[in-house]
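In case you want the letters, here they are:
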Amino acid sequence: MNLKENLISLKNTFANPSCTLVAVSKTKPKEMLMQAYEAGVRDFGENKVQEMSEKAEQLPSDIRWHMIGHLQRNKVKYIAPFVHLIHSVDSLKLLKEIDKEAKKNNRIIQVLLQVYIAQEESKFGLDESELKALLHAPETAKLDSVKIVGLMGMATYTENEAQIRSEFRSLKSIADALKNETLPSNVSLQELSMGMSGDYLIAQEEGSTMIRVGSAIFGERNYQ
Ligand SMILES: *Cc1c(COP(=O)(O)O)cnc(C)c1O
């Protein structure tokens, strides 16, 4: 199967046709990104700052670049001029740095807060109480060059569909509960970024608005 066929069969299986597809192109050469671009993809996800910056320089300017990997504060400046959405914000310190760099670039940067929903060790993200603390911190409301547009979560890497489903459901219910709270004006939790190649269908059934799919489009990745 080629990339275009992968994209068509992916879209054909969507449980929610209005869900945004972020094509996760990490480790893939720009020629493959161009194939996806020519098939209509405009949202690309990368997890490394340098790789994303290089690709952004070389590829069409109407691509929306999504940072989906763990982001170090000292690297925010490299992506601040162009990044469309940062999915992986997990601290107030990082949020403040993004706000500072957004101001330097005269723009407002959209972010998602990454929430820890898996049962695995050592995944990044906030737990529910840290999430609430961040949203209600007086400092958060003052960051007028960032907009918190939703939450991101990753389910446990397992064959157990019931477990995956309940983890996605917990993220959705956290987001729904927060909608009843008074939140600062730079917060508007509309997006739920959840679901990857192996679990995007379950994620869509549980209310995902944005899926991050790599290998089902581009094939398996070859890591070093
Ligand atoms: C790599 C990655 C994906 C895509 O994974 P696939 O299983 O290839 O679809 C999605 N989200 C994050 C955060 C990733 O790092």
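Scroll up to find the structure this text is about.
Residues numbered from 1 in each chain as written. Predicted model: local features only at pLDDT ≥ 70, side-chain atom pairs only at ≥ 80, totals over all residues. Heavy atoms only, no water.

**Focus on the overall build of the chain**
- Assigned secondary structure in the chain consists of ten helices and eight strands.
- Expected size for 224 residues packed as a compact globule is a radius of gyration near 17 Å; at 17 Å, the chain falls within 12% of this value.
- A buried classification covers 48% of the 224 residues belonging to the chain.
- Contacts in the chain between residues far apart in sequence, at least 24 positions, make up 60% of those at least 6 positions apart.
- Positive and negative side-chain charges in the chain, numbering 28 and 30 respectively, have mean positions lying 5 Å apart. (Helix = DSSP H or I, 4+ residues; strand = E, 2+ residues; numbered from the N terminus. Rg over C-alpha atoms; globule rule 2.2 N^0.38 Å. Buried < 20%, exposed > 50% of the residue type's maximum accessible area, 1.4 Å probe, protein only. Contact = heavy atoms within 4.5 Å. Lys, Arg positive; Asp, Glu negative; His and termini not counted. Charge placed at Lys NZ, Arg CZ, Asp CG, Glu CD.)

**Side note on the site of the ligand**
- The local shell around the ligand consists of Val24, Lys26, Ile68, Met154, Met196, Ser197, Arg212, Val213, Gly214, Ser215 and Arg221.
- Here Lys26 contributes a side-chain N or O atom positioned 2.7 Å from an oxygen atom of the ligand.
- Between the ligand and Ser197 there is a distance of 2.5 Å, counted from an oxygen atom to a side-chain nitrogen or oxygen.
- Relative to its unbound accessible surface of 390 Å², the ligand loses 89% to contact with the protein.
- Partitioning the shell around the ligand into residue classes produces five nonpolar, three polar and three charged. (Near = heavy atom within 4 Å. Polar contact = N/O pair within 3.5 Å; in protein donor to acceptor, adjacent residues only side chain to side chain. Areas by Shrake-Rupley, 256 points an atom, 1.4 Å probe, with all protein chains shown as cover. Nonpolar A, V, L, I, M, F, W, Y, C, P; charged D, E, K, R; others polar.)

**Some remarks on the pattern of salt bridges**
- Taken as a whole and judged by the stated rule, the model has 16 salt bridges.
- For Lys104, the salt bridge goes to Glu101, with nearest N and O atoms at 3.1 Å. Here the residue Lys104 and the residue Glu101 both occupy positions in helix α5 (residues 92-104), the gap between them amounting to three residues, near one helical turn.
- Owing to a relative accessible area of 57%, Lys104 belongs among the exposed residues under this scheme.
- What makes Glu101 buried here is its relative accessible area of 5%.
- Ionic contacts of the salt-bridge type, sharing partners, join the residues Arg165, Arg169, Glu205 and Glu206 into one network. (Salt bridge = Lys/Arg side-chain N within 4 Å of Asp/Glu carboxyl O.)

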